[in-house]
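Listed below, chain by chain, are the residues.
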Amino acid sequence: MSAATASASSEQQPAGLSMAQVEQVRTQLQSDIEMLQSSIQRLQYAQEGFGESMLAVSRLPTNNQDNSLLVPLSSSMYVPGRLSDPDHVLVDIGTGFFVEMRPKKAQDYFKRKHDYLQVEIDKLQKVLYDKLLTRQQITGIIQMHLQQQQQQQQK
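Fair warning: this is a prediction, and the values are worked out from it, not measured in the lab.

**Q** Help me understand the layout of surface pockets in this model?
**A** To find the voids left in a structure, one rolls a probe of water-molecule size over its atoms. If you add up the space inside the largest pocket, you get close to 1200 Å³. Taken together, 31 residues make up the lining of the largest pocket; nearest its centre are Glu52, Ser53, Ala56, Val57 and Pro72. For the lining of the largest pocket, the secondary structure elements donating two or more residues are helix H2 (19-58), strand S1 (68-72), strand S2 (78-82), strand S3 (89-94) and helix H3 (103-154). Looking at the lining of the largest pocket element by element, the count peaks at 10 residues for H2. Across the lining of the largest pocket, the residue classes tally to 21 nonpolar, 5 polar and 5 charged.

What follows is the structure, given as structure tokens:
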């Protein structure tokens, strides 16, 4: 093995890993990337829910004369309802617990949750970006190795 070939081999295989180990690293990276993408999607879905809740509270009737509104049963089905006390709303804070709040306080709660989720999404997106770059580098290493094998077979 010449010095140039030895140098190329050490550049292709980080930290002296065999190609099988490099392939395992790529497989693990792919699994991590899929998990991160799934987590980001779930957080974005939850964030949308807090945004919709914030908007719904902001649209509550403020006068005592017309307390009728449409109550969402799903994202596409609403039923007519009446707001018995426009000065208080029940907020689902998770795991089946509800807290009575004034609409302004409920709006602030939803905004804090929405903003918190955005910070977490941003963190995960940075990690995802780093993993994607690493996967791209590993894929490049594997492709270079395959090209070298093909060149050696042609000789």
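Moving on from the coordinates now.
**Q** Explanation requested: the pairing of S2 in the structure shown.
**A** One face of the sheet, then the other: side chains in a regular strand alternate in exactly this way. Here S1 pairs with S2 via 5 bridges, running antiparallel. Bridging across to S2, Pro72 finds its partner in Tyr78. Hairpin connection from S1 to S2: 5 residues lie between these consecutive antiparallel strands.

**Q** What exactly am I supposed to notice about the side chain of Asp32 here?
**A** Within the fold, Asp32 resides in helix H2. Of note is the side chain of Asp32, whose polar atom sits 3.1 Å from the side chain of Lys131.

**Q** Would you mind going over the packing of aromatic side chains with me for this structure?
**A** Each aromatic ring pair is characterised by the separation of its centres together with the angle its planes make. In total, this model carries 2 aromatic pairs according to the counting rule given. Residues Phe50 and Phe110 carry aromatic rings whose centres are separated by 6.3 Å and whose planes lie at 40° to one another, so their mutual orientation is tilted. In this pair, Phe50 sits in helix H2 while Phe110 sits in helix H3, placing the two residues 60 residues apart along the sequence. Accessibility expressed as a relative area gives 7% for Phe110, which makes it buried. Here Tyr109 and Phe110 contribute two aromatic rings whose centre-to-centre distance is 5.6 Å and whose plane-to-plane angle is 65°, an arrangement assigned as edge-to-face.

**Q** Is there a simple way to think about the pairing of strand S4 (residues 97-101) in this case?
**A** Here S3 pairs with S4 via 5 bridges, running antiparallel. Residue pairing for S4: Leu90 is matched across the bridge by Glu100. As consecutive antiparallel partners, S3 and S4 are separated by 2 residues, and within that stretch Thr95 has a phi angle of approximately 45°, a positive value.

**Q** Can you help me understand the nonpolar core in this one?
**A** General note: in soluble globular proteins, nonpolar side chains tend to be found buried as a group. Of all hydrophobic cores here, the largest spans 10 residues; its members are Met54, Val57, Leu60, Leu83, Val89, Val91, Met101, Ala106, Tyr109 and Phe110. Here this core takes 3 residues from H3, the largest share from any one element. If we ignore the near neighbours within four places in the chain, the residues touching Val89 are Leu60, Val99, Glu100, Met101, Pro103 and Ala106. By size, the runner-up hydrophobic cluster in this structure holds 6 residues, among which are Met19, Leu29, Ile141 and Ile142.

**Q** Got a minute to help me understand H2 in this structure?
**A** Given 3.6 residues per turn, any residue in an α-helix points the same way as the ones three and four places further on. Along its 40 residues, H2 runs 58 Å from first to last C-alpha, staying within 8% of the 58 Å computed at 1.5 Å per residue. Listed in full, the buried residues belonging to H2 are Met19, Val22, Leu29, Asp32, Ile33, Leu36, Ser39, Ile40, Gln47, Met54 and Val57. Looking at the buried residues of H2, the elements they touch are H3.

**Q** Can you help me understand the environment of Thr134 in this one?
**A** You can see Thr134 is positioned in helix H3. Each C-alpha atom of the pair Thr134 and Leu29 lies 8.0 Å from the other, and the pair is 105 residues apart in sequence. A polar contact of 2.9 Å, which involves the side chain of Thr134, links it to the backbone oxygen of Asp130.

What counts, and where the lines are drawn
- Residues numbered from 1 in each chain as written.
- Predicted model: local features only at pLDDT ≥ 70, side-chain atom pairs only at ≥ 80, totals over all residues.
- Heavy atoms only, no water.
- 1 Å grid on protein atoms, 1.4 Å probe; cavity = no way out; pocket = protein on both sides within 12 Å on 5 of 7 lines; lining within 4 Å.
- Points joined across faces, edges and corners; volume = space filled by probe spheres on them.
- Helix = DSSP H or I, 4+ residues; strand = E, 2+ residues; numbered from the N terminus.
- Nonpolar A, V, L, I, M, F, W, Y, C, P; charged D, E, K, R; others polar.
- Pairing = 2+ DSSP bridges.
- Polar contact = N/O pair within 3.5 Å; in protein donor to acceptor, adjacent residues only side chain to side chain.
- Phe/Tyr/Trp six-rings, centres within 6.5 Å; stacked < 30°, edge-to-face > 60°.
- Buried < 20%, exposed > 50% of the residue type's maximum accessible area, 1.4 Å probe, protein only.
- Core = buried A, V, L, I, M, F, W, Y, C linked by side-chain atoms within 4.5 Å.
- Contact = heavy atoms within 4.5 Å.
- Expected span 1.5 Å × (residues − 1).

Note that every value here comes from positions in space, so none of it alone points to a role or purpose.
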